[in-house]
Amino acid sequence: MLKYVIKRIILMLVSLFIIMTMLFVLVRLLPNPITAVPGGFDKALRDMREAWGYNKPIMVQYGIFLRNVFTKWDWGFCTSMGTFLQPVTHYLASKLPATIYVNVFSVLLSLPVGITFGIVAAVNKNKWPDHVIQVVIMFFISVPSFIYAFILQYFIGYKLGWCPLIFKGGDDYFTWAMFHSAILPVLSLSFGPIAGDMRLIRAELTEQLTSEYMLLARTKGLTKRQATVRHALRNSLVPLMPSFLGDFIGILGGSMIIEQIFAVPGIGKTYVQSIAVRDYSVFMAISMFYVAIGLAAGIVSDLSYGFIDPRIRMGGNKSNEL
């Protein structure tokens, strides 16, 4: 198990390095977007570009970039976003709380709702609740999250006036006004993961309910409810942890569009804007942020199987598994 973990971490770091190298080279081959400099910053800009080796060969620039990242956690400076020549890490640190706020609430909403309706569909297989839930699943999975965003924004926000049309800015995230303004983006991000969790739990629990050990549990005197809760439901939740991580990554990726629609001042909206205004340092830092989270989540997702179900051993020899 330990060898497998070390191997996966090494592969993750190699993949991260390859992606970062490719991304850096492609970004530095793009033209310099700075055509005008705010008054008084000409010398500061020249000094900053000199320190980062912009006038040197690209591989020398990459060496300076790696040295700054790994020794000082310095990802460069802003040129078109935030304050001019502001460190990228400081700028993105101010954007991260809004993204975490919306994404965490989306996961907290989607997980229990998806599990609950998945269980209802499984225990009522081929009955009307199951048919209704399956129709809802197909609809939620088929429609992109930004379509939900426009529908919710128009009907709930504009027509009914129940929620604000855009996210409330500010630093105090523990107020009713902030939570109220986050309802629509949270709902928009939650529908897809809810459908995925419902489909997963329904399929897993349906398979467990038809297993032979359920018949054995019933013959020992357990009622159908007791056998379902104690055995079938517990076994069907084994894939839930990997699904939870997948939901979080999916929501994090989808939030790029949702944050733009609801004016959420988060990482996703900043990412889209950095492409539009060609702020390459911000774009590079956020890209690596998403790549690192995706690769790390893949490792944690695989390892979670072994921790949740002791019968599963990752990276073991076949002779040990028999």
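For clarity, every value in this text was computed on a predicted model and none was experimentally measured.

**Here's the deal with the pattern of salt bridges**
So, step 1. What the rule picks out here adds up to 1 salt bridge.
So, step 2. Among the ionic pairs, Arg202 bridges to Asp130, the shortest N-O distance being 2.7 Å. On the criterion of sequence distance, the pair formed by Arg202 in helix 8 (residues 176-209) and Asp130 in helix 6 (residues 128-142) is long-range, its members being 72 residues apart.

**A short note on the layout of surface pockets**
So, step 1. Counted as a void, the largest pocket has a volume near 420 Å³.
So, step 2. Around the largest pocket, the lining is made up of 20 residues, and of these Trp73, Trp75, Ala285, Met288 and Phe289 lie nearest the centre.
So, step 3. Counting residues per element, the ones that place at least two in the lining of the largest pocket are helix 1 (2-28), helix 3 (58-72), helix 4 (88-93) and helix 13 (280-308).
So, step 4. For the lining of the largest pocket, the element with the highest residue contribution is helix 13, accounting for 6 residues.
So, step 5. Split into classes, the residues belonging to the lining of the largest pocket amount to 19 nonpolar, 1 polar and no charged.

**Description of empty space enclosed by the protein**
So, step 1. This model, assessed by the stated rule, comprises 1 cavity of 30 Å³ or more.
So, step 2. Here the largest cavity is characterised by a volume of approximately 100 Å³.
So, step 3. Around the largest cavity, the lining residues are Phe24, Val27, Arg28, Trp52, Tyr54, Phe65, Trp75, Gly76, Phe77, Tyr280, Ser281 and Met284.
So, step 4. Listing elements by their share of the lining of the largest cavity, those giving two or more residues are helix 1 and helix 13.

**Brief notes about helix 12 (residues 267-277)**
So, step 1. For helix 12, the full list of buried residues reads Ile267, Gly268, Lys269, Thr270, Tyr271 and Ser274.
So, step 2. Of the residues trailing helix 12, Arg278 is marked for its positive phi of about 60°.

**Re the packing of helix 9 (residues 212-219) against helix 10 (residues 224-236)**
So, step 1. Across the interface, helix 9 lies against helix 10 with an axial gap of 10 Å and an inter-helix angle of 145°. Helix 10 is crossed by helix 9, and the crossing has right-handed handedness. The residues of helix 10 that touch helix 9, namely those facing Tyr213, Met214, Ala217 and Arg218, are Lys224, Ala227, Thr228, His231, Ala232 and Asn235.
So, step 2. Among the residues making up the contact of helix 9 with helix 10, the classes are represented as 5 nonpolar, 3 polar and 2 charged.

**Notes on unusual backbone geometry**
So, step 1. Unusually for a residue other than glycine, Asn126 sits at a positive phi of about 65°.
So, step 2. One can find Asn126 in the loop between helix 5 (96-123) and helix 6.
So, step 3. Not every positive phi belongs to a glycine, and Ala263 is a case in point at roughly 55°.
So, step 4. Here Ala263 lies in the loop between helix 11 (240-261) and helix 12.

**Concerning the nonpolar core**
So, step 1. Counting residues in hydrophobic clusters, the biggest one holds 29 residues, and the most contacted among them are Met20, Phe65, Trp75, Val88, Leu92, Val282 and Ile286.
So, step 2. Only helix 1, helix 3, helix 4, helix 12 and helix 13 provide two or more residues apiece to this core.
So, step 3. Here this core gets 8 residues from one element, more than from any other, and that element is helix 13.
So, step 4. If near-sequence neighbours (up to four positions away) are discounted, Ile286 is found in contact with Leu92, Ile267, Thr270 and Tyr271.
So, step 5. Within the second largest apolar cluster, 27 residues are counted, among which are Ala149, Leu189, Phe191 and Ala195.

Calculation notes
Residues numbered from 1 in each chain as written. Predicted model: local features only at pLDDT ≥ 70, side-chain atom pairs only at ≥ 80, totals over all residues. Heavy atoms only, no water. Salt bridge = Lys/Arg side-chain N within 4 Å of Asp/Glu carboxyl O. Helix = DSSP H or I, 4+ residues; strand = E, 2+ residues; numbered from the N terminus. 1 Å grid on protein atoms, 1.4 Å probe; cavity = no way out; pocket = protein on both sides within 12 Å on 5 of 7 lines; lining within 4 Å. Points joined across faces, edges and corners; volume = space filled by probe spheres on them. Nonpolar A, V, L, I, M, F, W, Y, C, P; charged D, E, K, R; others polar. Buried < 20%, exposed > 50% of the residue type's maximum accessible area, 1.4 Å probe, protein only. Axes fitted to C-alpha atoms, helices over the stretch in contact; angles between N-to-C directions. Left-handed = near helix turned anticlockwise from the far one by under 90°. Contact = heavy atoms within 4.5 Å. Core = buried A, V, L, I, M, F, W, Y, C linked by side-chain atoms within 4.5 Å.

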